[in-house]
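Read off the chains here:
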Amino acid sequence: VQLQASGGGLVQAGGSLKLSCAASGLTFSDYYMGWFRQAPGKERKFVAAISSLGGNTYYADSVKGRFTISRDNAKNTAYLQMNSLKPEDTAVYYCAARRTGAAWSVRRDEGYNYWGQGTQVTVSS
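What you are looking at is a predicted structure, and each value in this text was computed from that prediction instead of being measured. Think of each chain on its own: its residues are numbered from 1, step by step along the sequence as written. Whole-chain, interface and lining totals are the exception, using all residues; otherwise, since this is a predicted model, local features are given only for residues with pLDDT of at least 70 and side-chain atom pairs are given and counted only at 80 or more. With hydrogens and water stripped out, all remaining heavy atoms of the structure feed into the side-chain values.

**With respect to the environment of Asp 30**
Reasoning step 1: Numbering of helices and strands starts at the N terminus; helices are DSSP runs of H or I of at least 4 residues and strands are runs of E of at least 2. Note on placement: Asp 30 falls in the loop between β3 (17-24) and β4 (32-38).
Reasoning step 2: Accessibility here uses a 1.4 Å probe with only protein chains present; expressed as a share of the type maximum, an area under 20% marks a residue as buried, one over 50% as exposed, and anything in between as partly exposed. Among the residues examined, Asp 30 registers a relative accessible area of 34% and is labelled partly exposed.
Reasoning step 3: Sequence separation of Asp 30 and Leu 53 is 23 residues, and the distance between their C-alpha atoms is 7.9 Å.
Reasoning step 4: Other than its neighbours up to four places away in sequence, Asp 30 contacts Ser 52, Arg 98 and Arg 99. Any two residues whose heavy atoms approach within 4.5 Å at even a single point are treated as in contact.

Okay, here's the thing in structure tokens:
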């Protein structure tokens, strides 16, 4: 199984980026997908998650209204559209996959079966 995250970069505050997570080696439509981020010297934190068929989405309060998670099961790819970016959004962003989920469990990094390598997002002020 491989999860390949891409789309990170350097952007000014208020700008936008769209991250992608391309999956291979698994039946993508069987898996919830999540995005987490880790800033330097800090713990990894939940950002957003989406159910296997895309019917349910979950967001951290800090990104609600600014970020949108989506997926295209035909392309085995999950996305994270990030708008109105702030310097505090600077982090390495990781995508992850898990077989099952609930509103409380998808926010916890334990339970995710597979992780991508991370993509750096830097927001300048």
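**Quick look at unusual backbone geometry**
Reasoning step 1: Notably, Asn 76 is not glycine yet its phi reads approximately 55 degrees, a positive angle.
Reasoning step 2: Within the secondary structure layout, Asn 76 lies in the loop between β7 (67-72) and β8 (77-82).
Reasoning step 3: The exposure class assigned to Asn 76 is partly exposed, which follows from its relative accessible area of 27%.
Reasoning step 4: Positive phi outside glycine occurs at Ser 84, with the angle close to 50 degrees.
Reasoning step 5: Examined against the element boundaries, Ser 84 turns out to sit in the loop between β8 and β9 (91-98).
Reasoning step 6: Judged by its relative accessible area of 41%, Ser 84 is partly exposed.

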